[in-house]
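Okay, here's what each chain looks like letter by letter:
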Amino acid sequence: MSLHYVALGDSTTVGVGDPMNGSSTTDLSGAGARPGEGWRGWASLLADSLGSSHRVTFSNFATSGATTDLVATEQLPEIGSGPIDIASLIVGINDTLRSTFDPGRVRDHLHVCAEELTARGALLLTVRFHDHAKIFGLPKWMGRPLWQRIEQVNLAYDDLYRRYGGIRLDMADFPEIYRRDFWSIDRMHPGERGHRKLARMFADELTRRGVPIDVPPNLDCAYQPPSRWADAVWMIKEGVPWLGRRANDLIPFAARMALTQRRPVSGALTNAEVQRLEA
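Residues numbered from 1 in each chain as written. Predicted model: local features only at pLDDT ≥ 70, side-chain atom pairs only at ≥ 80, totals over all residues. Heavy atoms only, no water.

S.K.: Just checking my understanding: could you explain the pattern of salt bridges for this structure?
M.R.: A side chain of one charge can pair with a side chain of the opposite charge if their charged atoms are brought near each other. For the structure on display, the rule yields 12 salt bridges. Here Arg120 makes a salt bridge to Glu116, at a shortest N to O gap of 3.3 Å. By relative accessible area, which is 33% here, Glu116 ends up partly exposed. Arg200 is the partner of Asp204 in a salt bridge, and the nearest nitrogen-oxygen pair spans 3.6 Å. In this pair, Asp204 and Arg200 both sit in helix α8 (residues 192–208), four residues apart, roughly one turn of the helix. Three or more residues joined by partner-sharing salt bridges are found here, namely Asp18, Arg40, Glu192 and Arg196. (Salt bridge = Lys/Arg side-chain N within 4 Å of Asp/Glu carboxyl O. Buried < 20%, exposed > 50% of the residue type's maximum accessible area, 1.4 Å probe, protein only. Helix = DSSP H or I, 4+ residues; strand = E, 2+ residues; numbered from the N terminus.)

Here it is in structure tokens:
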């Protein structure tokens, strides 16, 4: 039996955090990575396992840094024509980290992708995101607005699941998500263990749906997770500068949220206050 598997998404689906050579360091962007360029990742691991029982054609169109807009307008047109058996669509966290975040547009872009993929016969693989702020170790004043945005993305995925079905993993249902060794040195991308676990979770669900997989993704890791020293060095060299850049996007939103929570319900911010916060 043959299977055509198409993967759309951002750097997690590219495989950032799971380097093929076992290197323990990577930057937050994945160095402009594209699939197969030094990274392996959960989607490739899942495709390999599917290959134990099927003749698999695997096409990974994910790109590092992708937003839902980019997936809908650039990745989706690349998939060509013809039937698709399995399609993964995991994107949206990059949207939440930008000042241009618009949950309505996120939802619309996801629906465009899901409608096209399922119309061509694809079983859709999606997720419900966990609270990334707990992994980043963000202060509460910054973590709360980030989680609020992630929940808005999750609502869009809830809508997708109701309309198109498929397989959806709720990442918060898995306790290991909040373990340090699940993540790479940047705490944003899964490490080898995280990628293997993600591939295994999808494989288990596919098996329950009647898709045979003779050899499921192996959970044994070939490499050790980053040491505390490597964590500390990375945080100083890469993490703090990255957080500073992202703070420029999140701080105005976080400040507005904090002010509106302290005011009476009727006390909306004036246009002048909003402009001052965003200046």
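S.K.: Please clarify how the nonpolar core should be interpreted in this entry.
M.R.: The nonpolar side chains of a soluble globular protein tend to be buried, and buried together. If you look at the biggest cluster of nonpolar residues, it comprises 59 residues, and the most contacted ones within it are Leu46 and Phe202. The residues contacting Phe202, other than those within four sequence positions of it, are Trp42, Leu46, Ile90, Leu125, Thr126, Val127, Ile167 and Leu169. (Core = buried A, V, L, I, M, F, W, Y, C linked by side-chain atoms within 4.5 Å. Contact = heavy atoms within 4.5 Å.)

S.K.: I keep staring at the sheet that holds strand β1 (residues 2–9) and nothing clicks. Help me out?
M.R.: Spatially, five strands are ordered β2-β1-β3-β4-β5 in an open sheet, and the strand pairing comes out parallel. Each of the sheet's edge strands pairs with one partner strand only, and the pair in question is β2 (55–60) and β5 (167–170). Between one strand and the next, the sheet's axes are offset by a mean angle of 15°, whatever the strand orientation. Taken strand by strand, helix α5 (residues 103–119) contacts β1, β3 (86–90) and β4 (123–128), and its axis lies near 175° from that of β3. (Pairing = 2+ DSSP bridges. Axes fitted to C-alpha atoms, helices over the stretch in contact; angles between N-to-C directions.)

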